[in-house]
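The residues making up each chain are set out below.
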Amino acid sequence: MNMQPTSSVQAPPPCKTVDDTGLTPVMMRDILLKTMFRMNLETVTDLERVLAVTSRVVQDLIDDARSQGLVEALGTLHANSGGEMGYRLSDGGKARALDALSQSEYYGAMPVPMERYAQQVRHQSIRNIQITRDQLTGAMGHLILPDELLDHLGPAVGSGRSILMYGPPGNGKSSISNGIRDALGDKIYIPRAVEYNGQVITVYDPIVHSKAEDISDDPNALRRTSNRFDRRYVLCERPTVITGGELSLDMLDLKYNPTARTYTAPLQFKSTGGVFIVDDLGRQSEPPQALINRWIVPLEENKDILALQSGEKFEVPFDTLVIFSTNFHPNEIFDKAALRRIFFKIKIDGPNQEDFLKIFAMVARKRGMPLDEASLLHLLKRKYPTIDNIYANYQPIFLIDQMISICEFEGIPYQMTPELIDRAWANMFVRQEAIEH
């Protein structure tokens, strides 16, 4: 049974003619020649699959190249070709392919013109998403969160605007960010590559983009399901890019490969239509204020400015839910102007004692660790007062995993005792002391 794309997003229509692609005939011809040369492809069927355009467009390109003496017909091929006509490059075609490769090594899927992609971005904007409390709660089901936190998160996610989550470490800011990603749910169309002013920028990245499904055709079917949308795009889950302390300003610029003479889209461009998470803000080599300054235009105007090797600058769509996550107080790392530009500021605090016990019980159940009332009272009455009864979401997992490790080492069944609580607690903090060097 053929799988059909399932998404409420308006699909980019298939290109029925060369003109429909929005690319120049010369650029398309050169990509055809380079692809035939590099991949040794000889049939329309194979070229249709790799170039990601319809068979009619491929045939028109081949006919045009034949009229220019760049491609020759081979006649029918061996039985495996299904009697399909085969083609090869002429000597002139090989020379033209090599000349085109010297200008750009890009071959394969035809790119989408930037202005066409900008239209598709508007159709599938992250700001078009309507998210309900049930959807958000479902995506956060593995977390125990206070209702008032969801009261703040819901409108923030639904707006598609920037979010700053701050608070002490170990309280689930990263997990909440991932939950937001899971709540989005639907699918969008990601271009394999885009074109601007004759330059090709690759976008689709299997590391970032989760392909929704392969849509294949039954060769005996009367209608081709895979041609129901422009196959220069890939139907994907809404993307999520997560960066941490490694983020630097140059990672937000176009990446030029001088050998291939092609560009790769930067991280925020790959996250278009999805979520860009800057985790551990304040741990990067760049000052947080500098990172925020880089985002000012995109956050306010829904467009980004990128530059080619030539220095030419151009606009690209910026349609991303940006989530900043930090353990620092915002006033310590931003000025007021920067904070004003971040639309939602949400404090993620540690749990109260009641929620801490819920988390502890949930983790213990998942890990197969029986609860013990005397041990829990020892933990709450003896240990937590030593740190002013400040609870954190990471602590139940840490303590229970420590006790499991001790039980496995000692060769005893999983159990919870005051003594094991003490041994686990000793590993959660490092005692302040002077160490001689």
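Below or above, wherever it landed, is the structure these notes cover. Counting restarts for each chain, with residues numbered from 1 along the sequence as it is written. For this predicted model, a pLDDT threshold of at least 70 governs which residues receive local features, and a threshold of 80 or more governs which side-chain atom pairs are given and counted, while totals over whole chains, interfaces and linings are taken from all residues. Note: side-chain values were computed over all heavy atoms of the structure, leaving out hydrogens and water.

This part covers the overall build of the chain. Looking only at helices and strands, one finds 16 helices and 16 strands in the chain. What you see for the chain is a C-alpha radius of gyration of 28 Å, clearly larger than the 22 Å of a compact globule of 437 residues, by over 25%. With the C-alpha coordinates aligned to their principal axes, the bounding extent of the chain is approximately 90 × 50 × 50 Å. Only protein chains enter the accessibility calculation, which uses a 1.4 Å probe. A residue is then buried if its area is under 20% of the maximum for its type, exposed if over 50%, and partly exposed in between. By residue count, 48% of the 437 residues in the chain fall in the buried class. In the chain, once contacts between residues fewer than 6 apart in sequence are set aside, the share between residues at least 24 apart is 75%. The protein chains shown are the only cover counted for residues, whose accessible areas, like all others here, come from Shrake-Rupley with a 1.4 Å probe. Total accessible area computed for the chain in this model is approximately 21,600 Å², and 49% of it derives from carbon and sulfur atoms. His residues and chain termini do not enter the charge count, which takes Lys and Arg as positive and Asp and Glu as negative. Charged groups are reduced to one reference atom each: NZ for lysine, CZ for arginine, CG for aspartic acid, CD for glutamic acid. Averaging the positions of the 47 positive and the 56 negative side-chain charges in the chain gives two centres separated by 3 Å. Helical segments are the DSSP runs of H or I of at least four residues, strand segments are the runs of E of at least two, and each set is numbered from the N terminus. Between the two quantities, the radius of gyration covers C-alpha atoms and the globule rule is 2.2 Å times the number of residues to the power 0.38. Note on contacts: a residue pair is in contact if any heavy atoms of the two residues lie within 4.5 Å.

This next bit is on the layout of surface pockets. The distinction between a cavity and a pocket rests on a 1 Å grid over the protein atoms alone: a 1.4 Å probe fits inside a cavity but cannot get out, while a pocket stays open yet meets protein on both sides within 12 Å along at least five of seven lines, and a residue with an atom within 4 Å of a point counts as lining. Grid points are joined across faces, edges and corners, and a volume is the space filled by probe spheres set on the points. Each pocket or cavity is described by its volume, and for the second largest pocket that value is around 450 Å³. As for the second largest pocket, its lining consists of 24 residues, and the residues nearest its centre are Leu143, Gly172, Ser175, Asn393 and Ile397. Secondary structure elements with two or more residues in the lining of the second largest pocket: α8 (173-184), α13 (353-367) and α15 (394-410). Sorting elements by how many residues they give to the lining of the second largest pocket places α13 first, with 5 residues. Partitioning the lining of the second largest pocket into residue classes produces 10 nonpolar, 9 polar and 5 charged. Residue polarity follows a fixed list, in which Ala, Val, Leu, Ile, Met, Phe, Trp, Tyr, Cys and Pro are nonpolar, Asp, Glu, Lys and Arg are charged, and the others, Gly among them, are polar.

Turning to the sheet that holds strand β15 (residues 321-326), a few remarks are in order. Being paired, for any two strands, means DSSP has found at least two bridges between them. One open sheet accounts for 5 strands, arranged β9-β12-β15-β4-β16; its pairing is parallel. Among the strands making up the open sheet, the edge pair consists of β9 (240-243) and β16 (344-347). Each adjacent strand pair in this sheet contributes to an overall mean axis angle of 15°, direction not counted. The sheet contact formed by strand β12 (residues 275-278) and β15 spans 4 bridges and is parallel. Following the sheet pairing, Val278 is matched in β15 by Phe324. Axes here mean lines fitted to C-alpha atoms, for a helix over just the part in contact, with angles spanning 0 to 180 degrees between N-to-C directions. Those strands touched by helix α7 (residues 147-159) are β4 (163-166), β15 and β16, and its axis lies near 150° from that of β16.

The N-to-C vectors of helix α1 (residues 25-39) and helix α4 (residues 91-103) enclose an angle of 105°; their axes lie 9 Å apart at closest approach. When the axes of α1 and α4 are compared, the pair comes out roughly perpendicular. Where α1 abuts α4, its residues Arg29, Asp30, Leu33, Lys34, Phe37 and Arg38 lie against Gly93, Lys94, Arg96, Ala97, Leu98, Ala100 and Leu101. Partitioned by chemical class, the residues of the contact of α1 with α4 number 6 nonpolar, 1 polar and 6 charged. Convention used here: angles under 35 degrees read as roughly parallel, angles over 145 as roughly antiparallel, angles from 65 to 115 as roughly perpendicular, and any remaining angle as oblique.

The residue Ala364 is located in helix α13 in this model. Judged by relative accessible area, Ala364 falls into the buried class, the value being 1%. Residues Ala364 and Asp401 lie 37 residues apart in sequence; the distance between their C-alpha atoms is 9.1 Å. Excluding its chain neighbours within four sequence positions, the residues that come into contact with Ala364 are Met369, Leu371 and Ile400.

Take the pattern of salt bridges next. Throughout this description, the term salt bridge denotes a Lys or Arg side-chain nitrogen within 4 Å of a carboxyl oxygen of Asp or Glu. Taken as a whole and assessed by the stated rule, the structure comprises 22 salt bridges. Across the salt bridge formed by Glu48 and Arg231, the nearest N and O atoms sit 3.4 Å from each other. Taken together, the residues span a long stretch of sequence, with Glu48 in helix α2 (residues 44-51) and Arg231 in the loop between β7 (199-202) and β8 (233-237) at a distance of 183 residues. Residues Glu48 and Arg231 agree in their burial class; the two are buried. Where Glu410 meets Arg423, a salt bridge forms, and the shortest distance between an N and an O atom there is 3.4 Å. Within this pair, whereas Glu410 is found in helix α15, its partner Arg423 is found in helix α16 (residues 418-426), the two being separated by 13 residues in sequence.

This brings us to the sheet that holds strand β10 (residues 255-257). In space, the 5 strands of this open sheet follow the order β3-β6-β7-β11-β10, with mixed pairing throughout. Because the sheet does not close on itself, it has two edges, and the strands there are β3 (112-113) and β10. The sheet contact formed by β10 and strand β11 (residues 262-264) spans 3 bridges and is antiparallel. Looking across to β11, one finds that Tyr256 is bridged to Tyr263.

Below, the discussion takes up the packing of aromatic side chains. Note on ring pairs: Phe, Tyr and Trp rings are taken, using the six-membered ring of Trp, and paired if centres are within 6.5 Å. Classes follow the plane angle, with under 30 degrees stacked, over 60 edge-to-face and the rest tilted. For the structure shown, the criterion picks out 13 aromatic pairs. With 4.8 Å between their ring centres and 50° between their planes, Tyr256 and Tyr263 make a pair best called tilted. Judged by its relative accessible area of 29%, Tyr256 falls in the partly exposed class. Ring centres of Phe356 and Phe360 lie 5.9 Å apart, and the angle between their planes is 45°; on these two criteria the pair is classed as tilted. Taken together, the residues span about one helical turn, with Phe356 and Phe360 both in helix α13 at a distance of 4 residues. Pair check on accessibility: Phe356 and Phe360 agree, each one buried. Here a set of aromatic residues connected by ring pairs shows up, and it is made of Phe356, Phe360, Tyr384, Tyr391 and Trp425.

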